[in-house]
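# Structural overview for review
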Amino acid sequence: MPVSAEEIQPLLSYSNKSIDQLPAVEIISLWKTFGDLQALKEINVLFQSGEMVGLIGTSGSGKSTLLRHISGLIASDARSECQIKVWGQVVQSGGQICSDVRKIRAEIGFIFQQFNLVERMSLLKNVLVGRLAKIPGYRSLFHLFTRSEKMEAMQALDRVGLASHASQRAGTLSGGQQQRAAIARTLQQQAKIILADEPIASLDPASARLVMETLGELNQQDGITVVVSLHQISFAIRFCPRIVALKSGEIVFDGSSEDLSVEQLGWIYDSDSEVDFEAIRPKLEER
Amino acid sequence: MLTSAENNSSARLEVPKTPLGTILSCFVATVLLVAILLFSIEGAEIRFGDLWKNRGNMLEYGSGFLKPDFLDWPDYLQEMIITLQIAVWGTFLAIMGAIPFGLICSSNISPSWMTQPVRRLMDLLRSVNEMVFAMLFIAAVGLGPFAGVLALSLHTLGTLSKLFSEAVEAIDPQPVEGIRATGAMPIEEITYGIIPQVIPLWISYSLYRFEANVRSASVIGMVGAGGIGMLLWDAIRSFNYAKTAAIVLVIVVVVSVLDFASSRIRRLYI
């Protein structure tokens, strides 16, 4: 069930904690308004280190907005109580993104629905971009990457099954391949958290499964914290032990995916046509 | 033949009428255009009859072009090469300036307090003709090709900055956001997210401006800014049509070859 700001506050004294003991992400009283639209309403949530969390909800429920706030890509409303921390470091507070947000972003791999690769650059160069925040400015400016950085990028591509396409332009690959290249970029980044914003929304079922399996593997084998927003409930239930559901900008469910019932899903999605509830029912009953 | 179902639907459907406002605005626009053309007749001294009246002069002028005089071809070639060199440097300096100024002029990556003054400065450079710049620079650095280089580079800087910035404003912002999300600095967002997207257009615009600059470099020579234009001006002033024809032919051949080559190169990048 959703937690309140009061419940989160006691967790915020970390003076003696190591990075592994800290929550990966803490969001306290997050509000966001776009014009007249209240996109997020007092979001309080913690994502623990090593978790794989599925964010679900209808289109416009606030999933993407929430993920972008974590990475500091957008600022919250200017309310003093709004605060977001990643590994204990403040990303934004009171509507102000912190000045050294780039350092924090370097630890967060962000996967977008539309892949956000540079189509005219090779896959290898796109993956090497993941290392920009960690190399001196003069090297990044002149595209000077060391042999070991290139080798690591090749290993990242190999891990997602794309090493043989390294020199191909990103724009020539299929959607599924581009999304896996985006995952390779997060590997090159050595990200400790992956935020995936509807990473399979524009993929065919086989590519979608492959991408979700890769994310699951990174969570299981590498201990990377994964927060993934999904429209496909069946994938969320299958791959994410914890589900956070948003409805009209509010968290309406936060718990184990095993506790999620078809009736709750029906309420979360207003029983609209976005979700085939009867198709999901057998999967829920299988658990 | 229409089927009965189609006949029924035809009865229901109505072709939308053109709104009266659209018709009126077309009419007003046409009347305005005609009025402007009529108003300009006197100032521009439009007298098509003179073409017929002075046909003798024109035939004499044209017949000179039928027997081009290539006796001094080594001079023409040498001056044409200088013309190309003026165009090369004029374009190169303009590109070097247009990269930063084009980025500063782009409203999607620069704040308006930066874009607006720089845009106005570029407007100014664009609005002054190369010929005027050439005369100004001749006064500053003396007669010769360097004045031509400076004249071309300033005018081209104004043009390319505008074209470069328009290309930047039309980019897909998503790859840039993807790079920003990795913790990259703004300069890295430009280097990796923006430049690769705009480079084909930038190359295309630069080649196009180079072609235009070769033509312009041929003309600014007439005011003493070096190149084949000086020879051309001498030939025209001395009514030596055969020589004029030879020089014009050299210019036409070189410009055509460059047009062909640059269109081929452009195709490689787009």
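Everything discussed here concerns the structure shown above.
So, a few notes on the structure that sits alongside this text. These numbers were taken from a predicted model, which means no experiment stands behind them.

Thresholds, definitions, all that
- Residues numbered from 1 in each chain as written.
- Chains lettered and ligands numbered in written order.
- Predicted model: local features only at pLDDT ≥ 70, side-chain atom pairs only at ≥ 80, totals over all residues.
- Heavy atoms only, no water.
- Buried < 20%, exposed > 50% of the residue type's maximum accessible area, 1.4 Å probe, protein only.
- Helix = DSSP H or I, 4+ residues; strand = E, 2+ residues; numbered from the N terminus.
- Pairing = 2+ DSSP bridges.
- Contact = heavy atoms within 4.5 Å.
- Axes fitted to C-alpha atoms, helices over the stretch in contact; angles between N-to-C directions.
- Core = buried A, V, L, I, M, F, W, Y, C linked by side-chain atoms within 4.5 Å.
- Phe/Tyr/Trp six-rings, centres within 6.5 Å; stacked < 30°, edge-to-face > 60°.
- Lys NZ or Arg CZ within 6 Å of the ring centre and 35° of its normal.
- Buried area = accessible area lost by both parts, 1.4 Å probe.
- Salt bridge = Lys/Arg side-chain N within 4 Å of Asp/Glu carboxyl O.
- Polar contact = N/O pair within 3.5 Å; in protein donor to acceptor, adjacent residues only side chain to side chain.
- Patch = residues over 30% accessible without salt bridge, like charges linked within 9 Å, V, L, I, M, F, W, Y side chains within 5 Å.
- Areas by Shrake-Rupley, 256 points an atom, 1.4 Å probe, with all protein chains shown as cover.

## As for the pairing of strand E11 (residues 250-256) of chain A
All names here are of chain A. A large share of E11 lies buried, amounting to five of its seven residues. Examined bridge by bridge, strand E10 (residues 242-247) and E11 share six bridges and lie antiparallel to one another. Opposite Leu-246, over in E11, you have Ile-251 as the bridge partner. What sits between E10 and E11 in their antiparallel hairpin is a turn of two residues, with Ser-248 showing a positive phi close to 50 degrees.

## As for the environment of Gln114(A)
All names here are of chain A. Tracing the backbone through its elements, the reader meets Gln-114 in the loop between strand E7 (108-111) and helix H4 (123-128). Classification of Gln-114 by relative accessible area gives partly exposed; the value is 37%. Expressed as a C-alpha distance, the spacing of Gln-114 and Ala-201, which sit 87 residues apart in the sequence, is 8.7 Å.

## Some details on the sheet that holds strand E1 (residues 25-34) of chain A
Residues and elements named next belong to chain A. Taken in spatial order, the five strands of this open sheet run E2-E1-E4-E5-E6, and their pairing is antiparallel. In this open sheet, the two edge strands, each paired with only one partner strand, are strand E2 (37-47) and strand E6 (96-97). Both E1 and strand E4 (residues 83-86) contribute to a ladder of four bridges, which runs antiparallel. Each bridged residue has a counterpart across the sheet, and for Glu-26 the counterpart in E4 is Lys-85. Strand contacts of helix H2 (residues 63-70): E1, E2, E4 and strand E5 (89-93), with the helix running at about 120 degrees to E1, the strand carrying the most contacts.

## Notes on the environment of Leu152(B)
Residue and element names in this part refer to chain B. Mapped onto the elements, Leu-152 comes out in helix H8 (residues 145-169). Leu-152 sits in the buried class, given a relative accessible area of 0%. Separated by 59 residues in the primary sequence, Leu-152 and Leu-93 place their C-alpha atoms 9.1 Å from one another. For Leu-152, the contacting residues outside a window of four places in its chain are Ile-86, Ala-87, Gly-90, Glu-130, Asn-213, Ser-216, Ala-217 and Ile-220.

## Description of the nonpolar core
Inside soluble globular proteins, nonpolar side chains tend to come together where they are buried. Counting 58 residues, the largest nonpolar core has Ile56(A), Met212(A), Leu215(A) and Val228(A) as the members making the most contacts within it. Excluding residues within four positions of it along the chain, Ile56(A) makes contact with Lys63(A), Leu230(A), Ile233(A), Ala236(A), Ile243(A), Val244(A), Ala245(A), Leu246(A), Leu260(A), Leu265(A), Ile268(A) and Tyr269(A).

## Notes on the side chain of Ser161(B)
Inspection of the secondary structure puts Ser161(B) in helix H8. Not counting residues up to four positions away in its chain, the partners in contact with Ser161(B) are Ala98(B), Phe101(B), Gly102(B) and Met122(B).

## Concerning the sheet that holds E7(A)
Residues and elements named next belong to chain A. Judged by pairing direction, the sheet is mixed, and its six strands sit side by side in the order E7-E8-E9-E3-E10-E11 without closing on themselves. Of all strands in the sheet, those with a lone pairing partner are E7 and E11, marking the two edges. Here the average twist between neighbouring strands, direction ignored, is 15 degrees. The pairing of strand E3 (residues 52-56) with E10 spans four bridges and is parallel. Bridge pairing in E10 places Ile-56 opposite Ala-245. Contacting E3, E7, strand E8 (193-197), strand E9 (225-229) and E10, H2 runs over the sheet at an angle of about 150 degrees to E8. In this fold helix H8 (residues 205-222) packs onto E3, E7, E8 and E9, with an angle of close to 155 degrees to the strand it touches most, E9.

## Concerning the packing of aromatic side chains
For the structure on display, the rule yields six aromatic pairs over all chains. Judged by centre distance (4.5 Å) and plane angle (10 degrees), the ring pair of Phe164(B) and Trp202(B) falls under stacked. Taken together, the residues Phe164(B) in helix H8 and Trp202(B) in helix H10 (residues 186-220) connect sequence positions 38 residues apart. There is no split in this pair, since Phe164(B) and Trp202(B) are both buried. Above the ring of Trp267(A), the side-chain terminus of Lys247(A) is found at 4.2 Å from the ring centroid. Above the ring of Trp52(B), the side-chain terminus of Arg55(B) is found at 4.0 Å from the ring centroid.

## Comments concerning the interface of chain A and chain B
Contact with chain A, which involves 28 residues of that partner, is made by 21 residues of chain B. Regarding the contact of chain A and chain B, the summed buried area is about 2,000 Å², with carbon and sulfur atoms giving 61% of it. The tally of links between chain A and chain B comes to one salt bridge. For Arg68(A), the salt bridge goes to Glu177(B), with nearest N and O atoms at 2.2 Å. Counting every contact that joins chain A to chain B gives five residue pairs in polar contact (both at pLDDT 80 or more).

## Quick look at unusual backbone geometry
One can expect most non-glycine residues to show negative phi and most peptide bonds to be in trans. Residues and elements named next belong to chain A. You will see that His-143, though not glycine, has its phi angle at about 55 degrees, which is positive. On the basis of relative accessibility, which here comes to 28%, the residue His-143 falls in the partly exposed class. If you check the backbone angles, Gln-190 has positive phi at about 60 degrees while not being a glycine. Among the secondary structure elements, Gln-190 is positioned in the loop between helix H7 (175-188) and E8.

## Quick notes on a nonpolar patch on the surface
All names here are of chain B. Together, Val-34, Leu-38, Ile-41, Ile-46, Phe-48, Leu-51 and Met-58 make up a nonpolar patch on the protein surface, roughly 700 Å² of accessible area in all. Per-element tally for the nonpolar patch: the top contributor is helix H2 (residues 20-43), with three residues. Along the chain, Leu-38 turns up in helix H2. Classification of Leu-38 by relative accessible area gives exposed; the value is 56%.

Everything listed here is a matter of geometry and, on its own, says nothing about what the molecule does.
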